[in-house]
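# Examination of the molecular architecture
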Amino acid sequence: MTEKRKSGMPVAYLLGRREFYGLDLSVDPSVLIPRPETESLVDLAIERNPGSVLDLGTGSGAVALALKFHLQETRVVATDADLAALQMARRNATKLNLDVEFRHGRWFEPVAGERFALIVSNPPYVALGDPHLPALRFEPKSALQAGADGLDAIREIAREAPAHLLPGAWLLLEHGWDQDKAVRDLLADAGLESLTTWPDLAGIARVSGGRLQS
Ligand SMILES: C[S@@+](CC[C@H](N)C(=O)[O-])C[C@H]1O[C@@H](n2cnc3c(N)ncnc32)[C@H](O)[C@@H]1O
């Protein structure tokens, strides 16, 4: 373990676990290590107390499981394109005895024809060639990288979201420190309203959202 740590492997992978929003989650290199800043996304989702929520790109299941833990009456659906990640998310759900529906596929593919009272996502948002990428080399590229400007995933999610939101429902997206304006523009292009950006606990613009007209 010491040798692996010296080579830069994150402690969470060495231990096989990471705490997120008070939950003890199992992790391995098939999933992104849940980050404290993503807890802001969970806070905003809990405040809305939705009847149903969709978590896109669930990874270890962090966001979906934290939501189910705190919103027991809410139906929680979570998707990921990576089968190994979904397997880890299911393992975490079983361990925590939380009833989340996990589905495999690209973004909205597994929820065709369905609408939700809230959609949340912490999608990949790092630009190709970003200087932070070497430090993140132990985590799956598919969880991090999203095209030349880091916005490919957000572009796709924003475009398709209105067909899966109930009237008045919010789409909340985590993004990089310098992407808030670009993300609000994409949400506006998709026809969403009440566009807002919220800071994380470090004061960095971290989550942007918009809602479908009521
Ligand atoms: C930044 S990670 C977030 C993981 C977890 N939600 C969290 O906050 O810790 C992004 C996730 O999106 C998934 N993903 C990437 N491209 C996808 C796609 N086209 N469709 C669905 N999921 C995708 C990755 O497999 C990864 O699990």
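Since this is a predicted model, take the numbers as computed values, not measurements. (Residues numbered from 1 in each chain as written. Predicted model: local features only at pLDDT ≥ 70, side-chain atom pairs only at ≥ 80, totals over all residues. Heavy atoms only, no water.)

### Concerning the site of the ligand
Inspection of the region around the ligand gives 17 residues, with Gly57, Asp80, Trp107, Asn122 and Ala143 positioned closest. For the ligand, a nitrogen atom lies 2.9 Å from a polar atom in the backbone of Gly57. Between the ligand and Asn122, the relevant distance is 2.8 Å, taken from an oxygen atom to a side-chain nitrogen or oxygen of the residue. Its free accessible area being 600 Å², the ligand has 93% of it covered by the protein chains. Looking at the shell around the ligand, its residues break down into 7 nonpolar, 7 polar and 3 charged. (Near = heavy atom within 4 Å. Polar contact = N/O pair within 3.5 Å; in protein donor to acceptor, adjacent residues only side chain to side chain. Areas by Shrake-Rupley, 256 points an atom, 1.4 Å probe, with all protein chains shown as cover. Nonpolar A, V, L, I, M, F, W, Y, C, P; charged D, E, K, R; others polar.)

### Comments concerning the nonpolar core
Grouped together as the largest cluster of nonpolar side chains are 30 residues, with contacts concentrated most on Phe20, Leu65, Leu67, Phe102, Val120 and Leu172. Going through the elements one at a time, β2 (23-26), α3 (39-48), α4 (62-70), β4 (75-80), α5 (83-96), β6 (116-121) and β7 (165-174) are the ones with two or more residues in this core. A per-element tally of this core places α4 first, with 6 residues. Setting aside residues up to four positions removed in sequence, Leu65 forms contacts with Leu23, Leu25, Ser60, Ala89, Asn92, Ala93, Leu96, Leu98, Val100 and Phe102. Of all hydrophobic cores here, the second largest spans 25 residues; its members include Val111, Leu165, Leu173 and Leu192. (Core = buried A, V, L, I, M, F, W, Y, C linked by side-chain atoms within 4.5 Å. Buried < 20%, exposed > 50% of the residue type's maximum accessible area, 1.4 Å probe, protein only. Helix = DSSP H or I, 4+ residues; strand = E, 2+ residues; numbered from the N terminus. Contact = heavy atoms within 4.5 Å.)

### Regarding the pairing of β4
Counted residue by residue, β4 has 5 buried out of 6 residues, so it is predominantly covered. One crossover worth recording links strand β3 (residues 52-56) to the parallel β4 by way of α4, and it is right-handed. Relative to strand β5 (residues 101-104), β4 runs parallel, the two sharing 4 bridges. Residue pairing in the sheet places Val77 in a bridge with Glu101 of β5. For the crossover from β4 across α5 to β5, the handedness is right-handed. (Right-handed = clockwise from strand over helix to strand, strands pointing away. Pairing = 2+ DSSP bridges.)

### Focus on the pattern of salt bridges
A full pass over the atoms with the stated rule returns 14 salt bridges. Here Glu139 and Arg35 are joined by a salt bridge, their closest N and O atoms 2.7 Å apart. Of this pair, Glu139 sits in the loop between β6 and α6 (141-144) while Arg35 sits in the loop between β2 and α3, placing them 104 residues apart in sequence. Given a relative accessible area of 7%, Glu139 falls into the buried group. A salt bridge links Arg206 to Asp200, with the nearest nitrogen and oxygen atoms 3.0 Å apart. For the pair formed by Arg206 and Asp200, the shared burial category is buried. One salt-bridge network, held together by shared partners, links Arg75, Glu101, Arg103 and Glu114. (Salt bridge = Lys/Arg side-chain N within 4 Å of Asp/Glu carboxyl O.)

### Points about the side chain of Ser40
Looking at where Ser40 falls in the secondary structure, it is placed in helix α3. Ser40 has contacts with Pro199, Asp200, Leu201 and Val207, leaving out every residue within four places of it along the chain.

### Considerations on α4
Summarising burial for α4: 7 of the 9 residues are buried, a large majority. Here α4 has its buried residues at Ala62, Val63, Ala64, Leu65, Ala66, Leu67 and Lys68.

### Notes on the environment of His104
Counting through the fold element by element, His104 comes out in strand β5. Residue classification places His104 among the partly exposed residues on the basis of a relative accessible area of 42%. Along the sequence, His104 and Arg91 sit 13 residues apart, while their C-alpha atoms lie 15 Å from each other. Those residues in contact with His104, other than ones at most four positions away along the chain, are Asp80, Ala81, Asp82, Leu83, Leu86 and Pro110. Within polar-contact distance, the side chain of His104 engages the backbone oxygen of Ala81 at 3.0 Å.

### Looking at the packing of helix α7 (residues 152-160) against helix α8 (residues 180-189)
Across the interface, α7 lies against α8 with an axial gap of 8 Å and an inter-helix angle of 30°. By the angle between their axes, α7 is roughly parallel relative to α8. For the crossing formed where α7 meets α8, the hand is right-handed. Contacts between α7 and α8 involve Ile154, Arg155 and Ala158 on the former and, on the latter, Val183, Leu186 and Leu187. Here the contact of α7 with α8 is built from residues that sort into 5 nonpolar, no polar and 1 charged. (Axes fitted to C-alpha atoms, helices over the stretch in contact; angles between N-to-C directions. Parallel < 35°, antiparallel > 145°, perpendicular 65-115°, else oblique. Left-handed = near helix turned anticlockwise from the far one by under 90°.)

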